[in-house]
Amino acid sequence: MRTDSTLRFEAMDVLMRALGMVDAERFISMVKRDTFDYTEWRRGLWNDMAIEEIFAEAAEYENAVNSGITEA
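Conventions adopted
- Residues numbered from 1 in each chain as written.
- Predicted model: local features only at pLDDT ≥ 70, side-chain atom pairs only at ≥ 80, totals over all residues.
- Heavy atoms only, no water.
- Helix = DSSP H or I, 4+ residues; strand = E, 2+ residues; numbered from the N terminus.
- Rg over C-alpha atoms; globule rule 2.2 N^0.38 Å.
- Areas by Shrake-Rupley, 256 points an atom, 1.4 Å probe, with all protein chains shown as cover.
- Lys, Arg positive; Asp, Glu negative; His and termini not counted.
- Charge placed at Lys NZ, Arg CZ, Asp CG, Glu CD.
- Patch = residues over 30% accessible without salt bridge, like charges linked within 9 Å, V, L, I, M, F, W, Y side chains within 5 Å.
- Salt bridge = Lys/Arg side-chain N within 4 Å of Asp/Glu carboxyl O.
- Buried < 20%, exposed > 50% of the residue type's maximum accessible area, 1.4 Å probe, protein only.
- Expected span 1.5 Å × (residues − 1).

What follows deals with the overall build of the protein chain. Summing up its helical and strand segments, the protein chain has four helices and zero strands in all. Starting at the N terminus, the α and β elements of the protein chain follow one another as α-α-α-α. The C-alpha atoms of the protein chain give 16 Å as radius of gyration, which overshoots the globular expectation for 72 residues (11 Å, by more than 25%). In the structure as shown, the protein chain presents an accessible area of about 6700 Å², 58% of it carried by carbon and sulfur atoms. Computed over 8 positive and 15 negative side-chain charges, the separation of the two mean positions in the protein chain equals 10 Å.

Written out as structure tokens, the structure is:
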């Protein structure tokens, strides 16, 4: 398991590479001031999908990561 500081560093690195420095900072600011409930959001995320569909997407993602197509 990563330490908190390692996780923070890696997450910011990913955000900055994907969004650029300014938008990564904007995103962090939005998350800090928002009352968004991540846990509640995740509960309903896949309500419209069958377990077989979720499994198929997870397997496809794992295959892509293992083949180097995308990053985990």
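Next comes the rest of the write-up.
This part covers a negative patch on the surface. A cluster of acidic side chains, namely D48, E52, E53, E57 and E60, defines a negative patch on the protein surface. Relative to the elements of secondary structure, E53 occurs in helix α4 (residues 51-66). What makes E53 partly exposed here is its relative accessible area of 42%.

Turning our eyes to something else, we now look at α4. Taking 1.5 Å as the rise per residue, α4 with 16 residues should run 22 Å; its terminal C-alpha atoms sit 22 Å apart, in good agreement. G68 sits one or two positions beyond α4 and adopts a positive phi of about 85°.

For the rest of this paragraph, the subject is helix α1 (residues 4-19). An ideal rise of 1.5 Å per residue puts 22 Å on 16 residues; α1 measures up with 22 Å between its terminal C-alpha atoms. Phi turns positive, to about 90°, at G20, one or two residues after α1.

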